[in-house]
Amino acid sequence: LIGLEEAHPDVHKYLKKNLPSNWVIATPPNQPNSQDIFLYDSNVFEHIAIEAVKYSPKFPKTIFTITLREKASDKVFRFLQSHIPGGPINSEEGCAKFSEEALKQYDPNLTLVLMGDMNQSPDVIQKALTKAAEINGFSQPFTYLPIIHASHMNTKLEASWIDNFFIYSPDTHIQASN
């Protein structure tokens, strides 16, 4: 599975033309030209569900979710991706909404991966997830998967880690490797 954000229309065209026929291009429902894309191998995964929750009715930006069953193991995986709106300075509200949606979609019986340009450091997202979990009456279940290199460079040439991965798995201890 590959998640893309801010994919230019030329990228859509290129992928449609060049991906093997067993690869699926998924966009949010009713948004075939969305800049948010999931790509997955249909030989590996079976599609179960797809949904998108808008941050605002005024804009197309979404929290995009795809749920897939791995054919070989029969395990179900749910992937949430988003480019949280607001930039690093004004994204607090978006981080809260993303975290609330992640906790709404949390299911202790399946692996859930949160990913995307979250416009904040992992610590800020972790706090938003913890707050959303407390509101829902349980402990925050997600583990941050560290990235050893900065994922973004701002206009002042300052490195930051705004592209993040968090994961919950009912089966195993989570370890990241680079």
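Please refer to the structure higher up on the page.
Residues numbered from 1 in each chain as written. Predicted model: local features only at pLDDT ≥ 70, side-chain atom pairs only at ≥ 80, totals over all residues. Heavy atoms only, no water.

Novice: Kindly report on the environment of Y106, identifying the contributing residues and their values.
Specialist: Locating Y106 in the fold gives a position in the loop between α3 (92-104) and β7 (111-117). Put simply, Y106 and R78 are 28 residues apart on the chain and 8.9 Å apart in space, counted from C-alpha to C-alpha. Once you skip the residues sitting within four places of it in the chain, Y106 turns out to touch L112, F138, P141, F142 and Y168. (Helix = DSSP H or I, 4+ residues; strand = E, 2+ residues; numbered from the N terminus. Contact = heavy atoms within 4.5 Å.)

Novice: Provide a residue-level description of the nonpolar core, including the pertinent values.
Specialist: Proteins that are soluble and globular tend to have nonpolar side chains buried together. In terms of nonpolar packing, the biggest core is built from 20 residues, with L114, L129, F142 and F166 touching the most fellow members. If you list the elements that add at least two residues to this core, you get α3, β7, α4 (122-135) and β11 (163-168). Considering each element in turn, this core owes the most residues, five residues, to α4. The next biggest cluster of nonpolar side chains, apart from the first, holds 13 residues, and it includes A26, F38, F45 and I167. (Core = buried A, V, L, I, M, F, W, Y, C linked by side-chain atoms within 4.5 Å. Buried < 20%, exposed > 50% of the residue type's maximum accessible area, 1.4 Å probe, protein only.)

Novice: Which residues make up the sheet that holds strand β1 (residues 2-4), and what are the values?
Specialist: Read across the open sheet, the three strands follow the order β1-β3-β2; overall the sheet is antiparallel. For this open sheet the edge positions go to β1 and β2 (23-26), each flanked by a neighbour on one side alone. Taking each pair of neighbouring strands and ignoring which way they run, the sheet shows an average axis angle of 20°. Pairing of β1 with strand β3 (residues 37-41) involves three bridges; the strand directions are antiparallel. Pairing of I2 across the sheet is with L39, part of β3. On the sheet, helix α1 (residues 9-18) packs against β1, β2 and β3 and is oriented at approximately 15° with respect to β3. (Pairing = 2+ DSSP bridges. Axes fitted to C-alpha atoms, helices over the stretch in contact; angles between N-to-C directions.)

Novice: Any details on unusual backbone geometry? Residues and values, ideally.
Specialist: Of note, the phi angle at N30 is positive, near 60°, even though the residue is not glycine. Its place among the elements puts N30 in the loop between β2 and β3. Of note, the phi angle at D74 is positive, near 70°, even though the residue is not glycine. Mapped onto the secondary structure, D74 falls in the loop between β5 (62-70) and β6 (76-83).

Novice: Residue-level account of the packing of aromatic side chains, with values.
Specialist: Under the criterion given, the structure shown has seven aromatic pairs. Their ring planes at 75° and their centres at 6.3 Å tell us that Y106 and F142 sit as a pair that is edge-to-face. Highlighted residues: Y106 in the loop between α3 and β7 and F142 in the loop between α4 and β8 (143-144), separated in sequence by 36 residues. On the basis of relative accessibility, which here comes to 4%, the residue F142 falls in the buried class. (Phe/Tyr/Trp six-rings, centres within 6.5 Å; stacked < 30°, edge-to-face > 60°.)

Novice: Quick rundown of the side chain of T111? Include the residues and the values.
Specialist: Here T111 lies in strand β7. Within polar-contact distance, the side chain of T111 engages the side chain of S169 at 3.3 Å. Setting aside anything within four residues of it in sequence, one finds T111 in contact with V76, F77, R78, I167, Y168, S169 and P170. (Polar contact = N/O pair within 3.5 Å; in protein donor to acceptor, adjacent residues only side chain to side chain.)

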